[in-house]
Amino acid sequence: MNRTTVEVPLPTRRSTIQLARRLAPTLAGGDLVILSGPLGSGKTFFTRALSRALGLPASVRVTSPTFTLVHEYATSVPLAHADLYRIQRPEEVRELGLDAMRDDGWLVVAEWAEPYRALLGGDALLIRFTLDPRAALLSALGPRWEPVVGALGQTTAACPRTCSRSARR
Ligand SMILES: Nc1ncnc2c1ncn2[C@@H]1O[C@H](COP(=O)(O)OP(=O)(O)O)[C@@H](O)[C@H]1O
Ligand SMILES: [Mg+2]
């Protein structure tokens, strides 16, 4: 399958925040965003930035749901942040009911969810974070995501790694 993939360099935390801000307006209830990449590569940091970009006040803390598995936020599009790192069996994913939450209009952002994509309801935006160098590889898994990833590729090309501070504001 020929799928659209775009690489966005993330040399600074600020660039990760900017990626979240660019992506936020394109997200809707029912969407699934899968975050993968090694520990410390920025999956939770990105989700926090996304929550802020979706209107979550700074007074509400966004922490890793590693033990609680799912955190819910009253963002402009209601956001469920899941971390499936500790999941041992696919049935545990089913029991979380994230696919039903999608049906109910939640935006589901799930760390370590790549193996469970089908259980979570298919079509997804996959963001793979790398550490050395820090970057995000965004892949459209399904037609809904092709234009989103394509547009991000264009804005990235218009404002590459070297673009000036003022242009990035
Ligand atoms: N460009 C960057 N993007 C995201 N996080 C960064 C970046 N540079 C440094 N960091 C730091 O890396 C860490 C990422 O941690 P976290 O988001 O919890 O990772 P993960 O959820 O992937 O395990 C944070 O401490 C963050 O401040
Ligand atoms: Mg995390």
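Residues numbered from 1 in each chain as written. Chains lettered and ligands numbered in written order. Predicted model: local features only at pLDDT ≥ 70, side-chain atom pairs only at ≥ 80, totals over all residues.

Draft legend 1. Up close: the packing of helix H1 (residues 13-23) against helix H2 (residues 43-53). Between H1 and H2, the shortest axis-to-axis distance is 8 Å and the interhelical angle comes to 50°. With respect to H2, the element H1 is oriented oblique. Of the two elements, H1 crosses H2, and the hand of that crossing is right-handed. Across from Arg13, Thr16, Ile17, Ala20, Arg21 and Leu23 in H1, the residues of H2 making contact are Phe45, Phe46, Ala49, Leu50 and Ala53. The residue makeup of the contact of H1 with H2, split by class, is 8 nonpolar, 1 polar and 2 charged. (Axes fitted to C-alpha atoms, helices over the stretch in contact; angles between N-to-C directions. Helix = DSSP H or I, 4+ residues; strand = E, 2+ residues; numbered from the N terminus. Parallel < 35°, antiparallel > 145°, perpendicular 65-115°, else oblique. Left-handed = near helix turned anticlockwise from the far one by under 90°. Contact = placed C-beta atoms within 7 Å. Nonpolar A, V, L, I, M, F, W, Y, C, P; charged D, E, K, R; others polar.)

Draft legend 2. Up close: unusual backbone geometry. Between Asp132 and the following residue, Pro133, the backbone shows a cis peptide bond with an omega angle of 5°. Note that Pro133 resides in the loop between strand S6 (124-131) and strand S7 (134-141). Here Leu69, not a glycine, exhibits a phi torsion of approximately 75°, which is positive. Structurally, Leu69 is set in the loop between H2 and strand S3 (70-73). Given 19 C-beta atoms within 10 Å, Leu69 falls into the partly exposed group. Phi is positive for Trp112, close to 55°, though the residue is something other than glycine. Look at Trp112 and you get partly exposed, because 19 C-beta atoms sit within 10 Å. (Buried ≥ 20, exposed ≤ 12 C-beta atoms within 10 Å, placed from the backbone.)

Draft legend 3. Quick peek at the site of ligand 1. Of all residues adjacent to ligand 1, which total 16 residues, the nearest are Thr16, Gly42, Lys43, Thr44 and Phe45. Every element with two or more residues in the shell around ligand 1 is listed here: H1 and H2. Taken together, the residues of the shell around ligand 1 sort by class into 3 nonpolar, 9 polar and 4 charged. (Near = placed C-beta within 6 Å.)

Draft legend 4. Region of the structure containing the nonpolar core. Counting 44 residues, the largest nonpolar core has Val108 and Ala110 as its most contacted members. Counting residues per element, this core draws most heavily on S6, which supplies 5 residues. Among residues more than four places away in sequence, those in contact with Ala110 are Ile34, Leu35, Ala82, Leu84, Leu98 and Leu120. (Core = buried A, V, L, I, M, F, W, Y, C linked by C-beta atoms within 7 Å.)

Draft legend 5. Main features of the sheet that holds S3. Spatial strand order, S1-S7-S6-S2-S5-S4-S3: 7 strands in an open sheet with mixed pairing. The open sheet is flanked by strand S1 (5-9) and S3, the only strands paired with a single partner. Here the average twist between neighbouring strands, direction ignored, is 20°. Bridging between strand S2 (residues 32-36) and strand S5 (residues 107-111) involves 4 bridges; their strand directions are parallel. Across the sheet, Leu35 pairs through a bridge with Glu111, a residue of S5. In the packing of H2 onto the sheet, contacts are made with S2, S3, strand S4 (79-83), S5 and S6, and the angle to S5 comes to roughly 160°. (Pairing = 2+ DSSP bridges.)

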